[in-house]
Amino acid sequence: MIVLGIETSCDETAAAIVTGDRKILSNVVLSQLDEHRPYGGVVPEIAARAHLDHIDRLVSQAMQEAGIGFADLSGVAATGGPGLIGGVIVGVMTAKSIAAVHDLPFLAVNHLEGHALTARLTDDVAFPYLLLLVSGGHCQLLLVEGVGRYALLGSTIDDAVGEAFDKTAKMLGLPYPGGPSLEKAALQGDATRHDLPRPMLGRPGCDFSFSGLKTAVRHIAEALPRPLPQREQADLAASFQAAAAASLVNRCRNAMTALADSHPEVRTLVVAGGVASNQTIRAALTGLCADHSYSFVAPPVKLCTDNAAMIAWAGIERLRLGLTDGLDFAPRPRWPLDPDAISKQPRATARPRQTA
């Protein structure tokens, strides 16, 4: 089984070829950072145009690197949502065209399911498992019971954690993209310098909140000279990162406690999404898992951020179950993994455009 995956939900244009025995034959990703950097965030119209300009070339490159032709494919998968609708349309229409011309099954993949199933591609993780999905547009805890079977345990009531990283970095005068810049600055900082709030710490449940933490950083930053000295940037970055990690750990601990009674067979925590590449957060969650006799699984950094290998793999998982889609599938800007918990979904579905 060999599937072509296409990912165009935000600001990476990507194509990949993955096999049913978990081999990534190619994984091509084109970042749009240079196009969006002058605006300090993702501009949906620019993103859609860039996807349209480059997708055909990237699909050809992925096929060439894999050393296969379209006749060798078992199916074509594309992100069908959630995301910036212009970009999603580009990827879906490209995949539909290839599927129609070569008489191949078309698979519309939920972008979040791509992240959710990546650990099965990289580490062959068995169902069920606990998933912490953290990115610029999403912050959720889910019980993953199978392909298409997700139970939402908690989500953010305001900002996603990646959004909080990006906006905090902007407040500190750090360069775009904010999340990686903040993590780099924090390496030189003192995480104990500022006593920042740990959002939701000690509260029941598994929901998240980062707005108050972000506001606390803003109050401190506004009281300091401008531009912020490098030492002040580093200390605030480190203090923010430590507070965010502590909040994530607390929410995951609550989820583990809740599942101990209802699903005692769950003994693995998977972290996925762009923020899963943050090494401080990984270390904090590793410690939590050790304390609770859980296995901790995080994909390689290059598979945490948006990529097409995860979409191809999710396509394989769905194809095995016969879950194909018609060519009349309509791209979706919103697409919750747990449709029974729509009211608890994060308010953002893709990395938002940053404003001053």
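Structure's up top.
Residues numbered from 1 in each chain as written. Predicted model: local features only at pLDDT ≥ 70, side-chain atom pairs only at ≥ 80, totals over all residues. Heavy atoms only, no water.

**What to know about the environment of Ala14**
Considering the arrangement of structural elements, one finds Ala14 in strand S2 (residues 12-19). The exposure class of Ala14 is buried, given its relative accessible area of 0%. Spatially, the C-alpha atom of Ala14 lies 9.2 Å from that of Gly91, the residues being 77 residues apart in sequence. Apart from residues lying up to four places away in sequence, Ala14 is in contact with Gly5, Ile6, Glu7, Val28, Val29, Ile55, Leu58, Asn307 and Ala308. (Helix = DSSP H or I, 4+ residues; strand = E, 2+ residues; numbered from the N terminus. Buried < 20%, exposed > 50% of the residue type's maximum accessible area, 1.4 Å probe, protein only. Contact = heavy atoms within 4.5 Å.)

**Regarding the sheet that holds strand S4 (residues 75-81)**
Taken together, 5 strands build an open sheet; the order of strands is S3-S2-S1-S4-S5 and the sheet is mixed. One side of each edge strand has no neighbouring strand; the edge strands of this open sheet are strand S3 (24-31) and strand S5 (106-110). The average angle at which neighbouring strand axes cross in this sheet is 20°, direction not considered. Each of strand S1 (2-7), S2 and S3 touches helix H2 (residues 44-66); the most contacted strand, S2, lies at about 25° to it. Contacts from helix H4 (residues 111-122) reach S1, S2, S3, S4 and S5 within the one sheet, and its direction differs from that of S5 by about 95°. (Pairing = 2+ DSSP bridges. Axes fitted to C-alpha atoms, helices over the stretch in contact; angles between N-to-C directions.)

**Side note on the side chain of Glu7**
Mapped onto the elements of the fold, Glu7 is located in strand S1. Judged by relative accessible area, which is 0%, Glu7 ranks as buried. Looking at Glu7, its side chain comes within polar contact range of the side chain of Ser9, at 2.5 Å. A polar side-chain atom of Glu7 sits 3.2 Å from a polar atom in the side chain of His111. The contact partners of Glu7, leaving out residues within four places of it in the chain, are Glu12, Thr13, Ala14, Thr79, His111, Asp306, Asn307, Ala308 and Ile311. (Polar contact = N/O pair within 3.5 Å; in protein donor to acceptor, adjacent residues only side chain to side chain.)

**What to know about the sheet that holds strand S9 (residues 268-272)**
In spatial order, the strands read S8-S7-S6-S9-S10; together these 5 strands make up an open sheet with mixed pairing. Bordering the open sheet on either side are strand S8 (149-155) and strand S10 (295-297), each of which pairs with just one other strand. Each neighbouring strand pair of the sheet contributes to a mean axis angle of 25°, computed without reference to strand direction. Where S9 lies against S10, 3 bridges are found, and the strand directions are parallel.

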